[in-house]
Amino acid sequence: MMLSEYEWQAVFLSLKVSSLSVVCSLPLGILMAWILVRCRFPGKSLLDSIIHLPLVLPPVVIGYLLLVVMGRRGVVGQWLYDWFGFSFSFSWHGAVLASAVVAFPLMVRAIRQSLEAVDPKLELAARTLGASPWRVFFTITLPLSVPGVIVGVVLAFARSLGEFGATITFVSNIPGETRTIPLAMYTLIETPGAEGAAARLCVLAILLSLAALLISDWLAKRSRTRLGG
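Structural notes, computed from the coordinates. Since this is a predicted model, take the numbers as computed values, not measurements.

**With respect to the overall build of the protein**
Turning to step 1, where the next piece is worked out: Within the protein, the secondary structure is distributed over 11 helices and zero strands.
Turning to step 2, where the next piece is worked out: In the protein, the succession of α and β elements from N to C terminus is α-α-α-α-α-α-α-α-α-α-α.
Turning to step 3, where the next piece is worked out: Over its C-alpha atoms, taken along the principal directions, the protein stretches across nearly 70 × 45 × 30 Å.
Turning to step 4, where the next piece is worked out: Across the 229 residues that make up the protein, the buried fraction comes to 42%.

**Brief notes about the packing of helix α1 (residues 5-38) against helix α8 (residues 146-161)**
Turning to step 1, where the next piece is worked out: Packing of α1 against α8 brings their axes to within 9 Å, and their N-to-C directions diverge by 140°. The angle between the axes of α1 and α8 places the two elements in the oblique class. For the pair α1 and α8, the crossing hand works out as right-handed. Residues S14, L15, S18, S19, S21, V22 and L26 of α1 touch α8, and the partners they reach there are V149, V153, A156, F157, S160 and L161.
Turning to step 2, where the next piece is worked out: Among the residues forming the contact of α1 with α8, the class breakdown is eight nonpolar, five polar and no charged.

**A few points about the pattern of salt bridges**
Turning to step 1, where the next piece is worked out: Scanning the model with the defined rule gives six salt bridges in all.
Turning to step 2, where the next piece is worked out: Notably, a salt bridge pairs D82 with R73, separated by 3.9 Å at the nearest N-O pair.
Turning to step 3, where the next piece is worked out: A relative accessible area of 49% places D82 in the partly exposed class.
Turning to step 4, where the next piece is worked out: A relative accessible area of 58% means that R73 is categorised as exposed.
Turning to step 5, where the next piece is worked out: Between R159 and E163 there is a salt bridge whose closest N-O contact spans 3.5 Å.
Turning to step 6, where the next piece is worked out: Here the salt bridges share partners, and the residues they tie into one network are D48, R112 and E116.

**Concerning the nonpolar core**
Turning to step 1, where the next piece is worked out: If you look at the biggest cluster of nonpolar residues, it comprises 22 residues, and the most contacted ones within it are M32, I51, V108 and I111.
Turning to step 2, where the next piece is worked out: Elements supplying a minimum of two residues to this core: α1, α5 (92-116) and α8.
Turning to step 3, where the next piece is worked out: In terms of residue count, α1 provides more of this core than any other element does, seven residues in total.
Turning to step 4, where the next piece is worked out: When near neighbours in sequence (up to four residues on either side) are disregarded, V108 contacts G29, M32, A33, L36 and I51.
Turning to step 5, where the next piece is worked out: L66, M70, V102 and F170 belong to the second-largest nonpolar core, a separate cluster that totals 14 residues.

**Observations concerning a nonpolar patch on the surface**
Turning to step 1, where the next piece is worked out: Where nonpolar side chains cluster on the molecular surface, the patch consists of V61, Y64, L65, V68, V69, V75, V76, W79, W83 and F84 and spans about 1000 Å² of accessible area.
Turning to step 2, where the next piece is worked out: Elements supplying a minimum of two residues to the nonpolar patch: α3 (59-70) and α4 (77-84).
Turning to step 3, where the next piece is worked out: With respect to the secondary-structure elements, W83 resides in helix α4.
Turning to step 4, where the next piece is worked out: According to the relative accessible area criterion, W83 is exposed, its value standing at 65%.

**Let's talk about the layout of surface pockets**
Turning to step 1, where the next piece is worked out: Estimates place the volume of the largest pocket at around 550 Å³.
Turning to step 2, where the next piece is worked out: L66, L97, A100, V101 and F104 are, among the 24 residues lining the largest pocket, the residues nearest its centre.
Turning to step 3, where the next piece is worked out: Broken down by element, the residue count for the lining of the largest pocket peaks at seven residues, all from α5.
Turning to step 4, where the next piece is worked out: Tallied by class, residues from the lining of the largest pocket come to 21 nonpolar, three polar and no charged.
Turning to step 5, where the next piece is worked out: In terms of lining residues, the second largest pocket is bounded by 16 residues, among which W34, P133, W134, F137 and T141 are the most central.
Turning to step 6, where the next piece is worked out: Contributing elements (two or more residues each) for the lining of the second largest pocket: α1, α6 (120-128) and α7 (133-144).
Turning to step 7, where the next piece is worked out: For the lining of the second largest pocket, the leading source of residues is α7, giving seven residues.
Turning to step 8, where the next piece is worked out: Looking at the lining of the second largest pocket, its residues break down into 12 nonpolar, one polar and three charged.

**Remarks on α7**
Turning to step 1, where the next piece is worked out: Counted at 1.5 Å a residue, the expected span for α7 with its 12 residues is 16 Å, and the 15 Å between its end C-alpha atoms agrees.
Turning to step 2, where the next piece is worked out: For α7, the complete set of buried residues consists of V136, F137, I140 and T141. Within α7, the buried residues cover an arc of 125° as seen down the axis, which keeps them to one side. Across α7 from its buried face, at more than 90 degrees, point the exposed residues W134 and R135.
Turning to step 3, where the next piece is worked out: Buried-residue contacts for α7 involve α1, α5 and α6.

Definitions and cut-offs
- Residues numbered from 1 in each chain as written.
- Predicted model: local features only at pLDDT ≥ 70, side-chain atom pairs only at ≥ 80, totals over all residues.
- Heavy atoms only, no water.
- Helix = DSSP H or I, 4+ residues; strand = E, 2+ residues; numbered from the N terminus.
- Buried < 20%, exposed > 50% of the residue type's maximum accessible area, 1.4 Å probe, protein only.
- Axes fitted to C-alpha atoms, helices over the stretch in contact; angles between N-to-C directions.
- Parallel < 35°, antiparallel > 145°, perpendicular 65-115°, else oblique.
- Left-handed = near helix turned anticlockwise from the far one by under 90°.
- Contact = heavy atoms within 4.5 Å.
- Nonpolar A, V, L, I, M, F, W, Y, C, P; charged D, E, K, R; others polar.
- Salt bridge = Lys/Arg side-chain N within 4 Å of Asp/Glu carboxyl O.
- Core = buried A, V, L, I, M, F, W, Y, C linked by side-chain atoms within 4.5 Å.
- Patch = residues over 30% accessible without salt bridge, like charges linked within 9 Å, V, L, I, M, F, W, Y side chains within 5 Å.
- Areas by Shrake-Rupley, 256 points an atom, 1.4 Å probe, with all protein chains shown as cover.
- 1 Å grid on protein atoms, 1.4 Å probe; cavity = no way out; pocket = protein on both sides within 12 Å on 5 of 7 lines; lining within 4 Å.
- Points joined across faces, edges and corners; volume = space filled by probe spheres on them.
- Expected span 1.5 Å × (residues − 1).
- Arc of directions from axis to C-beta.

Here it is, written out as structure tokens:
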């Protein structure tokens, strides 16, 4: 399947945006999942609902909220621009942020389910033997949660590859800057005579997502086997 320079540009940008969105959100995803599993506090249900809100909100609404908060004249974005000269608006950095927000709930849900399967008695035993909370987390809790972390990472990556609504609303559709595979397909569909290119990107998107899911399944099984052995 031969792709044009325009199509390769969209593919490479999608891979960059999806990878960075996962890398940047993973530490926070692990933290939020751990808080939801191991902590009890007033407002926990509200926090859980807020984390999962992107699953039920229309992506365009998420993009609009990001524009209001993180845009160049947004509540936080104006401060970032005035003090650091940095703006998420109309740049691939904003595409990373939009993808991370939309995919975050899927990551947290997978990691949370894995953390819930870790026996708290193992952590308690390590604590009674003198291990610090940080050491317990990094030597017991996190290693036992690796399968769920892997699943969460790959699901978030696959979801980021398909992100459209929040991205086009927040950072527009700029060639070479924010035009990922979904946005490139949208442009090609609207362009007369470009149906073949749109079809090629469609097939490639399916293959990339399928590969991500297969790799996730293989890595998760391998991690469970190693932990069991």
